[in-house]
Amino acid sequence: MASRTGDLVSSVQPAHQLDIDALFRYLSVHISGFPASPSKFSVSQFGHGQSNPTFLIEVGSGAAVKRYVLRKKPPGKLLQSAHAVDREFQVLRALGDNTLVQVPKVFCMCDDPSVIGTAFYIMEFLEGRIFIDPKLPGMAPERRRAIYRATAKALASIHSADVDMIGLGKYGLRDNYCKRQIERWAKQYVACTAEGKPPAYPKMFELIDWLRQNIPREDSSGTTAGLVHGDFRIDNLVFHPIEDRVIGILDWELSTLGNQMSDVAYTCMPYLVAIGQKEKQIGQGFELAGIPEGIPSLPDFLADYCSAAGKPWPAAEWKFYIAFAMFRGASIYTGVYSRWLMGNASGGDRAQYVGSQANGLIDFALSFIARKSVLPAIPPFAIAQGYPQKFGNGNKIHGISEENGRFVPSERVLGLRNKLIKFMEDHIYPMEKEFYKLAQSDSRWTIHPEEERLKELAKKEGLWNLFIPFDSASRARRLIVDGGKQAISENGTDLLLGAGLSNLEYGYLCEIMGRSVWAPQVFNCGAPDTGNMEVLLRYGNKEQLHEWLVPLLEGKIRSGFAMTEPQVASSDATNIECSIKRQGNSYIVNGNKWWTSGAMDPRCRVLIVMGKTDFSAAKHKQQSMILVDVQTPGVHIKRPLMVFGFDDAPHGHAEVSFKNVCVPANNILLGEGRGFEIAQGRLGPGRLHHCMRLIGAAERGMQMMAQRALSRKVFGKFIAEQGSFLADVAKCRIELERTRLLVLEAADQLDRLGNKTARGIIAMAKVAAPNMALMVLDMAMQVHGAAGLSSDTVLAHLWATARTLRIADGPDEVHLGTIAKLELQRAKL
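Residues numbered from 1 in each chain as written. Predicted model: local features only at pLDDT ≥ 70, side-chain atom pairs only at ≥ 80, totals over all residues. Heavy atoms only, no water.

**Q** What exactly am I supposed to notice about the overall build of the protein here?
**A** For the protein, the count of helices and strands is 27 helices and 23 strands. Residues classed as buried in the protein amount to 57% of the 829 residues present. The long-range share in the protein, meaning contacts at least 24 apart out of those at least 6 apart in sequence, stands at 73%. Total accessible area on the protein stands at roughly 34400 Å², and carbon and sulfur atoms take up 53% of it. (Helix = DSSP H or I, 4+ residues; strand = E, 2+ residues; numbered from the N terminus. Buried < 20%, exposed > 50% of the residue type's maximum accessible area, 1.4 Å probe, protein only. Contact = heavy atoms within 4.5 Å. Areas by Shrake-Rupley, 256 points an atom, 1.4 Å probe, with all protein chains shown as cover.)

Written out as structure tokens, the structure is:
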């Protein structure tokens, strides 16, 4: 059963006696509403907890008693950086004033040790329940499940706090958290076991060496960084007196900024080890001893957390984080035991057992490391929703399991998606500000060196050219290597033709890339290169593929697509005026183009130019496409064009003139008069990618909107508590989900039925996706206020991109016309 918070106190321990009179005088001055002449003023000590001594203050007259909690540093000589109650006060105030994270209200902080001997702070007393035993004895199974779910939700609320928004941006260093923690606790372990103190356990140094060698890459990048509680466990939570929900999160002594997965692993320790109140050794956790009925399994608990926090499944690094949690727990316990020997541990008699328990944690950590498997590869909710257990079992080529219904990604696609999400979190999001900084500087038309490094890393991780449909890849392989299976590039990489995905399979991945304007190019999946590579894959001859496609596939060069012209309405491509005239073994190109995306990029080497080779031919046989080297004399890239103030450097959208540009005749694509044919083939897969990316952009907007609403107050309430916001965010989610289904349906039809038959559903997606994204992003900007319109967030740029696509991806009016005509044709049948 639970313990009432008020029942966890006893008389003040001799080592922690306070100057009651000095304390009363201080509180009378510094706490608003503190009783001036009370008949009762008593102080008792909480026995639960072994860190900073914590006291209950009761003050008042008769039945009118107010209760406060005092938390102070322990007396005596302390380890460096330990017991920083001022940091506890700082984080509690920031969370209490600015977020919905359930923390006690803090009243005052005293840095003057002359008052009671050490620094202290005062916070509100929370009347509720604390569950000392994580097995929750005496509770009904359904209530155990609710309590654990509330625990996961509470941890997720901490990890969702925007530290920059609430004034905790400098509360700690975000990168290399585990690396620094390993060194810190190793140092303190040595300090606690030196000079006649508890003897050091030799296996601890074996564990330290393993941890140093296995720190996850995400730790150095800071992508798993945020607010870390540092000691999050169920007995540091206060639950409502009768309801199974958290009303307070206690004991913030170890809080900082850092790797949040350390919190998650530490919270899960009861599943692995049992640490009793009086036992000298640790016992078996739930996994081995048996999970009490109602308590979720470890994977289920983790899934609850990941769902609430929006975090990826941590299977790949779980072994490290658990070992790290055991190591840190052992270091802390050794410190508690050392303080007990010196007579100043606040945990009382139970502190005498933690020395042997520390060694037990070390033993368990080493045995855990030796396990072959420690966590399922995919979360339980993924299995429950029908994701296949093994690669390739019963999955259609377009990524749908025949047994489990439509639009359920295969395990292979799910694996790529999880890897992609991790790459985004590890490498893309942390670099966004740096990319923007360069793009807004005088050197904005240069390439950030980190971009090229990330591209090489994406290749190594198999996240390269994922957009290439398997049928196009097959054709290209036949032409490039005459049907052989050898590598097609100098470096021996055989991943340049993608992973052999369908359009539907790629949709699950393209959406993730769309969450950042910088991401697609890192994976060589950015427009217009994807569309241009598709043109070459589908229509290029062997020579064109070797000269231009292979360097594009390798990411050594970039490209542009030149169709739109400033003098005519280019939404009707029959209007274009650029001429491509045959002259011997060459073509001469003359004309002006604009909105040639990619032409400003210093890596851009080739343009696909659409012009007219025969002005007298049939209306749709006049146009041709030709490959033009940008270094050809007569090609003049005149200027970058702005899109709502964004020039999208270093990519850019250029105005380009062609004046007597002489191009080899074999650069023509497919043949004269085949331009419309190529365009229609290109407009299916390539243009549907924009819709897929817009789903991701909208999801980013939803995430930012929710985080902002949960951390910002207006008119005395959080935005998330405003009725108008609740209605609007629900409408945004509805629009996003039904648009996602429409886009997936379009990709599926494209795979099964082909571009021509799927043109109606593709047109629907092209209308729906940008309009939905604009709605969601506009709402996100509104919630952010002025910040949403600025360059301080990614929202304005994402909005500008979405609005542009209502024209660049073909005007809505053209797509609506296509949809209507097809509808009328069906009516005639």
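**Q** Sorry, what's going on with the packing of aromatic side chains here?
**A** How two aromatic rings sit relative to each other is set out by the distance from centre to centre and by the angle between their planes. Throughout the structure, instances matching the rule amount to 23 aromatic pairs. A ring pair is formed by Trp594 and Trp595, whose centres lie 5.9 Å apart and whose planes are at 55 degrees; its orientation type is tilted. Residue classification places Trp594 among the partly exposed residues on the basis of a relative accessible area of 25%. Seen from the ring of Tyr266, Arg328 lies directly overhead, with NZ or CZ sitting 5.1 Å from the centre. Between the NZ or CZ atom of Lys459 and the centre of the ring of Trp464, over which it lies, the distance is 4.9 Å. (Phe/Tyr/Trp six-rings, centres within 6.5 Å; stacked < 30°, edge-to-face > 60°. Lys NZ or Arg CZ within 6 Å of the ring centre and 35° of its normal.)

**Q** Looking at this structure, I do not really get the state of the cysteines. What am I missing?
**A** By definition, a disulfide links two cysteine residues through a covalent bond between their sulfur atoms. Summed over the entire model, instances satisfying the criterion amount to zero disulfides. Residue Cys691 stays outside any disulfide, its sulfur separated by 9.5 Å from that of Cys510, the closest cysteine. In this structure Cys691 comes out as buried when scored by relative accessible area, which is 1%. (Disulfide = S-S within 2.5 Å.)

**Q** Help me out: how do you make sense of the nonpolar core in this one?
**A** One finds Tyr506, Phe523, Leu549, Met705 and Phe725 to be the most contacted residues of the largest nonpolar core, which totals 106 residues. When residues in this core are grouped by element, the largest group, 13 residues, is from helix α24 (residues 759-784). Setting aside its immediate chain neighbours within four residues, Phe725 contacts Met705, Ala709, Ile719, Ala720, Met779 and Val783. With 102 residues, the next largest nonpolar core counts Leu126, Leu136, Ala265 and Trp313 among its residues. (Core = buried A, V, L, I, M, F, W, Y, C linked by side-chain atoms within 4.5 Å.)

**Q** When you look at the sheet that holds strand β2 (residues 9-10) in this model, what are you seeing that I'm missing?
**A** Hydrogen bonds between backbone atoms are what pair the strands of a sheet, whose relative direction is either parallel or antiparallel. Here six strands make up an open sheet; going across it, the order is β2-β3-β4-β5-β7-β6 and the pairing antiparallel. Both edges of this open sheet fall to β2 and β6 (106-110), since each of them pairs with a single strand only. Both strand β4 (residues 54-61) and strand β5 (residues 64-72) contribute to a ladder of eight bridges, which runs antiparallel. Residue pairing across strands places Glu58 opposite Arg67, the latter belonging to β5. Set on the sheet, helix α2 (residues 85-98) makes contact with β5, β6 and β7 (120-124); between it and β6 the angle comes to about 155 degrees. (Pairing = 2+ DSSP bridges. Axes fitted to C-alpha atoms, helices over the stretch in contact; angles between N-to-C directions.)

**Q** Sorry if this is basic, but what is going on with helix α27 (residues 812-828) here?
**A** The periodicity of an α-helix, 3.6 residues per turn, causes residues three or four places apart in sequence to face the same way. Under the 1.5 Å per step criterion, the end-to-end length of α27 is 25 Å for 17 residues, consistent within 8% with the ideal 24 Å. Among the residues of α27, those classed as buried are Asp812, His815, Ile819 and Leu822. Buried residues of α27 fall within an arc of 105 degrees about the axis and therefore sit on the same side. Those residues of α27 that are exposed and angled more than 90 degrees off the buried face are Glu813, Lys821, Leu824, Ala827 and Lys828. Residues of α27 that are buried in the fold lie against α24 and α26 (795-808). (Expected span 1.5 Å × (residues − 1). Arc of directions from axis to C-beta.)

**Q** Where do I start with the pattern of salt bridges in this structure?
**A** Two side chains with opposite charge may pair up if their charged atoms get near one another. Counted according to the given criterion, the structure contains 44 salt bridges. Between Glu451 and Arg603 there is a salt bridge, with its nearest N and O atoms 3.0 Å apart. Of this pair, Glu451 sits in helix α15 (residues 449-460) while Arg603 is found in the loop between β17 (586-597) and β18 (604-612), placing the two residues 152 residues apart along the sequence. Neither Glu451 nor Arg603 differs from the other in exposure class; each is buried. (Salt bridge = Lys/Arg side-chain N within 4 Å of Asp/Glu carboxyl O.)

**Q** What should I look at first to understand the environment of Ile576 in this one?
**A** Mapped onto the fold, Ile576 is located in the loop between β15 (558-562) and β16 (579-583). Judged by relative accessible area, which is 0%, Ile576 ranks as buried. Spatially, the C-alpha atom of Ile576 lies 8.6 Å from that of Gln623, the residues being 47 residues apart in sequence. The residues contacting Ile576, other than those within four sequence positions of it, are Met563, Glu565, Val568, Lys593, Met610, Gly611, Lys612 and Gln623.

**Q** It is not clear to me how helix α1 (residues 20-30) should be interpreted in this structure. Could you clarify?
**A** Taken together, the buried positions of α1 are occupied by Ala22, Leu23, Tyr26 and Leu27. Buried positions in α1, seen along its axis, are confined to an arc of 130 degrees and lie on one side of it. For α1, exposure combined with an orientation more than 90 degrees from the buried face picks out Asp21, Arg25 and Val29. Buried residues in α1 make contact with β3 (40-46), β4, β5, β6 and β7. Structurally, the start of α1 carries an N-cap: the backbone nitrogen of Asp21 is 3.3 Å from a side-chain oxygen of Asp19. (Polar contact = N/O pair within 3.5 Å; in protein donor to acceptor, adjacent residues only side chain to side chain.)

**Q** Please explain unusual backbone geometry as it appears in this structure.
**A** For residues that are not glycine, phi is negative in most cases, and the peptide bond is trans in most cases. Note that the residue after Ala527, namely Pro528, is joined by a cis bond; omega there is 0 degrees. Along the chain, Ala649 connects to Pro650 via a cis peptide bond; the corresponding omega equals 5 degrees. Structurally, Pro650 is set in the loop between β20 (635-640) and β21 (653-664). Backbone geometry places Phe715, a non-glycine residue, at a positive phi of 50 degrees. When you line up the elements, Phe715 lands in the loop between β22 (713-714) and β23 (717-718).

**Q** Would you mind going over the packing of helix α17 (residues 503-513) against helix α23 (residues 723-753) with me for this structure?
**A** Packed helix pairs are characterised by how far apart their axes lie and by the angle those axes make with each other. It is at 8 Å that the axes of α17 and α23 come closest, and there the two elements cross at 145 degrees. Residue-level inspection shows Asn503, Leu504, Tyr508 and Glu511 of α17 in contact with α23, the latter providing Arg740, Leu744, Ala747, Asp748, Leu750 and Asp751.

**Q** Hey, could you run me through the environment of Gly117 in this one?
**A** Relative to the helices and strands, Gly117 is located in the loop between β6 and β7. Here Gly117 falls in the partly exposed class, since its relative accessible area comes to 48%.

**Q** Looking at this structure, I do not really get the environment of Val522. What am I missing?
**A** Within the secondary structure, Val522 sits in helix α18 (residues 519-522). It is 7.7 Å that separates the C-alpha atoms of Val522 and Glu452, two residues lying 70 residues apart in sequence. When sequence neighbours within four positions are dropped, the list of residues in contact with Val522 reads Phe423, Ile428, Glu451, Leu454, Lys455, Ala458 and Trp464.

**Q** What is the right way to look at the side chain of Ser255 in this model?
**A** When you line up the elements, Ser255 lands in the loop between β11 (246-249) and β12 (256-259). Ser255 sits in the buried class, given a relative accessible area of 2%. Polar contacts involving the side chain of Ser255 include one to the main-chain carbonyl oxygen of Trp252, which spans 2.7 Å. For Ser255, the residues in contact, after removing those within four places along its chain, are Arg87, Val91, Tyr171, Val228 and His229.

**Q** Would you mind going over the packing of α24 against α26 with me for this structure?
**A** Here α24 crosses α26 at 155 degrees, and the two axes come no closer than 9 Å. Of the possible angle classes, the one that applies to α24 and α26 is roughly antiparallel. You can see that α24 and α26 cross each other, and the crossing is left-handed. Every residue of α26 that contacts α24 at Pro770, Asn771, Ala773, Leu774, Leu777, Asp778, Ala780, Met781 and His784 is listed here: Leu795, Ala796, Leu798, Trp799, Ala802, Arg803 and Arg806. Across the contact of α24 with α26, the residue classes break down as 11 nonpolar, two polar and three charged. (Parallel < 35°, antiparallel > 145°, perpendicular 65-115°, else oblique. Left-handed = near helix turned anticlockwise from the far one by under 90°. Nonpolar A, V, L, I, M, F, W, Y, C, P; charged D, E, K, R; others polar.)

**Q** Would you take a moment to explain the pairing of β4 for this structure?
**A** In regular strands, side chains alternate between the two faces of the sheet. Of all eight residues in β4, seven are buried; the element is thus mostly enclosed. Where β3 and β4 come together, six bridges link them in antiparallel fashion. In the sheet register, Val43 faces β4, and the bridge partner there is Ile57. Count of turn residues in the β4/β5 antiparallel hairpin: two residues, of which Gly62 carries a positive phi of about 60 degrees.

**Q** What's the story with the confidence of the model for the protein in this structure? I'm lost.
**A** Should pLDDT be low for a region, the predicted coordinates there are not to be read in detail. Mean pLDDT over the protein stands at 87; residues scoring 70 or higher make up 89%. Counted against residues more than four places away or in other chains, residues 382-404, with its pLDDT under 50, gives 50 contacts. Across residues 483-487, confidence stays below pLDDT 50; counting only partners more than four residues off in sequence or on other chains, it has 11 contacts. (pLDDT = per-residue confidence, 0-100.)

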